[in-house]
Structures are given as C-alpha cells and as structure tokens.
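Read off the chains here:
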Amino acid sequence: MNQQKNPYKPMKGIIEKVIPETPGIRTFLVKPESKFSFHCGQFAEVSIPGVGEGPFAMSSPCYKPDKLEFTIQNVGFMTSRLHTLNKGDELGIRGPYGNGFPLEDFYGKEVLLLIGGVGFPPARALLYSLLHEKEKYKRILMCYGARSPEDIVYKYQIDDFRKKIELHLTVDKADKSWKESEGVVTVLLDKVKIDLNNSVAVVIGPPIMMKFGTLKLLEVGYKPKDIYLSMERKMYCGIGQCRHCLIDNLFICKDGPVFTYKQLKDFPDIWE
Ligand SMILES: Cc1cc2nc3c(=O)[nH]c(=O)nc-3n(C[C@H](O)[C@H](O)[C@H](O)COP(=O)(O)OP(=O)(O)OC[C@H]3O[C@@H](n4cnc5c(N)ncnc54)[C@H](O)[C@@H]3O)c2cc1C
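Given the structure is predicted, the values throughout are model-derived calculations rather than measurements.

Visitor: Give a description of the site of the ligand that names residues and reports values.
Guide: Around the ligand, the surrounding shell holds 18 residues, and the nearest of these are Pro55, Gln73, Thr79, Arg233 and Lys234. Residue alanine 57 places a main-chain N or O atom 3.1 Å away from a nitrogen atom belonging to the ligand. At the level of elements, strand S4 (52–57), strand S5 (68–73) and helix H1 (77–82) are the ones that each hand at least two residues to the shell around the ligand. A breakdown of the residues in the shell around the ligand according to their chemical character gives eleven nonpolar, four polar and three charged.

Visitor: Break down the pairing of S5 for me, with residues and values.
Guide: With five of six residues buried, S5 is to be regarded as a mostly interior element. Looking at chain direction, strand S2 (residues 25–32) and S5 are connected through six bridges and run antiparallel. Residue pairing in the sheet places leucine 29 in a bridge with glutamate 69 of S5.

Visitor: Let's hear about helix H4 (residues 207–220): which residues, and what values?
Guide: Given a rise of 1.5 Å per residue, 14 residues ought to cover 20 Å, and the 20 Å separating the end C-alpha atoms of H4 matches this to within 8%. Among all positions in H4, only Met209, Met210, Gly213, Thr214, Lys216 and Leu217 are buried. Seen from one end, H4 has its buried residues packed into an arc of 165°, which puts them on one side. H4 presents Ile208 and Glu219 as exposed residues on the side facing more than 90 degrees away from its buried surface. Of the residues one or two after H4, glycine 221 is the one with positive phi, at around 125°.

Visitor: Help me get a handle on the side chain of threonine 79, residues and values and all.
Guide: Mapped onto the elements, threonine 79 comes out in helix H1. At 3.0 Å, the side chain of threonine 79 forms a polar contact with the backbone nitrogen of glycine 76. When neighbours within four sequence positions are excluded, threonine 79 is seen to be in contact with Phe56, Ile72, Gln73 and Asn74.

Visitor: So what about the pairing of strand S9 (residues 166–171)? Which residues, and what values?
Guide: Where burial is concerned, most of S9 is hidden: five out of the six residues are buried. Pairing between strand S8 (residues 139–146) and S9: six bridges, direction parallel. Within the sheet, the bridge partner assigned to methionine 142 lies in S9 and is leucine 167. For the crossover that starts at S8, traverses helix H3 (residues 158–164) and ends in the parallel S9, the hand is right-handed. When S9 meets strand S10 (residues 181–182), the two strands line up parallel, connected through two bridges. Bridging from a neighbouring strand, threonine 170 pairs with serine 181 of S10.

Visitor: I'd love a proper account of the sheet that holds S8, names of residues and values included.
Guide: What the seven strands build is an open sheet, ordered S10-S9-S8-S7-S11-S12-S15; its pairing is mixed. Every interior strand has two partners, whereas the edge strands, S10 and strand S15 (258–260), have only one. Sitting on the sheet, helix H2 (residues 120–132) touches strand S7 (110–116), S8 and strand S11 (199–204), and the angle it makes with S7 is about 160°. Here H4 sits on the sheet and contacts S7, S11 and strand S12 (227–230); the angle it forms with S11, its principal contact strand, is near 165°.

Thresholds applied
Residues numbered from 1 in each chain as written. Predicted model: local features only at pLDDT ≥ 70, side-chain atom pairs only at ≥ 80, totals over all residues. Heavy atoms only, no water. Near = heavy atom within 4 Å. Polar contact = N/O pair within 3.5 Å; in protein donor to acceptor, adjacent residues only side chain to side chain. Helix = DSSP H or I, 4+ residues; strand = E, 2+ residues; numbered from the N terminus. Nonpolar A, V, L, I, M, F, W, Y, C, P; charged D, E, K, R; others polar. Buried < 20%, exposed > 50% of the residue type's maximum accessible area, 1.4 Å probe, protein only. Pairing = 2+ DSSP bridges. Expected span 1.5 Å × (residues − 1). Arc of directions from axis to C-beta. Contact = heavy atoms within 4.5 Å. Right-handed = clockwise from strand over helix to strand, strands pointing away. Axes fitted to C-alpha atoms, helices over the stretch in contact; angles between N-to-C directions.

Encoded structure:
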C-alpha cells in the first residue's frame, strides 16, 4: 500500500484524456502525482475535491503505475459529476485497496474470464497481467457480454485482444450489424471446451450476471474453489472502518474484493 500518514488523504491526479466508451461509460486516463503501485483486481477511492468519492477498479496495466485508467459508468451523484470532467481537471486518488487476483494460483492453468458489462475494467487489468506473462498460463479465454453492441466497452481493443486470446462476445439484444452471438453471457460457455481438471474461472459483472454465471460454471463442472468472484458493494472508506461493505464477517474492501465462490457460498444474499 502507498504509505500515507492520513489514510483518508488522497494524492492528486490530473486527467490526461477522456475516452467515451458507450453513451453512459467513460474511461479517464489519469497521471498520479507520484507512482501509484497496485496489483490487478485492486481498486482506488477516486474523489472530486468538494464533491465526494467512490471505489473504482484500475483498468490499466499494473506494471504502469504512473499512468492510471478508470472506466466509469454514470449511475448516480458522484459518477455523473465525474462524467463532467475533462482533460486537465484534477482528481483525488487514495489506495490501492483490496487483495486483487491471486495470479500464482492461476499459473499453469486455463484461465476463463466470464465478464459482463462494466465488469470489463477490472477484467482488463487482469487481462494485461495475464498477457504480460502469458507463458505462465496454459490458456487464456474470455467470454464477454453486454446489453447491446453499443454497450460494449474497449471496442477499439477487441481485434487486438482477439489476436492474443480466445475471445467470445455476445449481446443480449443484437442489431443488424452484429455478427457474433446473441443472448446472455452464459450462452458462450456452450461454445468453449475447457479442461475442468486444470482450469480456474473469474466472474465479474453486475450481481445478476455473477449469480447466473457462477451457477452455470458449477453446472459445467467447476468446483467452488476454482471460481473467483470480484465482488461489489456500496462502500465508503475502503479500509474496513465504515463496515458498509460487510458480507457476514468479511469486508469486501479489505478481505476482497476477490473471493473464491467456496469462501462465500454459505452466506445468504451474496448476489444482492
Ligand atoms: C471494489 C469496487 C470496484 C468498482 N469498480 C468500478 C469500476 O471500475 N467502474 C464503475 O463504473 N463502477 C465501479 N464500481 C461501482 C462504483 O463504485 C459505483 O457505481 C459508484 O460509487 C456509484 O457512485 P454514485 O455516487 O454515482 O452513485 P449513487 O448516487 O451513490 O448510487 C446510484 C446507484 O448505484 C448503486 N451503487 C452505488 N455504489 C455502488 C456499489 N459500490 N456497488 C453497487 N451498487 C452501487 C446505488 O445503490 C444506487 O442504486 C466499483 C465498486 C466497487 C465496490
């Protein structure tokens, strides 16, 4: 963790570029005032001075700590204000927080990413890390689903990712131009052949997608210990003080956000 005397005091970041991804999602390229070292799957509390803050995953490669990217969906008070920011504007960043993905557990295995909607930002940071040491993994494949073709994020990178990994796409509702699958993201699991004895799956997306994605992975034969979930909860402090993000005795901010399904499966209401 970056050493800071006051854990709530953010470091400054300057927005260098804003990329409109979809009508409701933007990516912010941010230069932090000093190196912001993190591990893929961790998150930061991003703030606008005088407005507020919220937790967001770094979507950029963790081996580039001096250039951060956050991909943010406009859903409410803070995110709508973030969406008004432009090149040259200032942000606050504190963290990194959370555990991130245990990449050593994935070594030598087939890694399947099952991703929905705005789950792609943390998944992209993971993907960059996997590709950075591609030889350590047996196979990398990703199934990504969005509501419609226009809701797909990082469209400008899809062809490039496709050259490097096995990537399957689907949309809930296709238009005439769409040439790939139609249906919810779990339909893609019928298309991929996986060596279940040597595979881990990572699920990131909206709660409903994570629930049905996990159930489908169990149905095809994954064990709860091999399913990794990046969980989201309303949270404020990010450091285990405010207790808003508790699931039973686990803090999403401190003990997670990455858990295996085995760790969570016996708690009620984990998909809320
Ligand atoms: C670890 C973590 C990583 C995240 N990474 C990203 C990311 O990369 N990109 C991104 O767009 N969003 C991400 N989020 C969600 C993001 O933090 C919230 O959407 C944001 O804080 C909402 O702020 P707001 O003031 O605009 O919304 P509010 O006005 O506070 O709320 C709008 C609506 O969103 C719901 N909501 C608010 N916060 C959360 C939350 N944390 N989880 C689920 N629902 C919430 C509220 O209940 C309400 O229905 C992440 C959340 C967590 C916990």
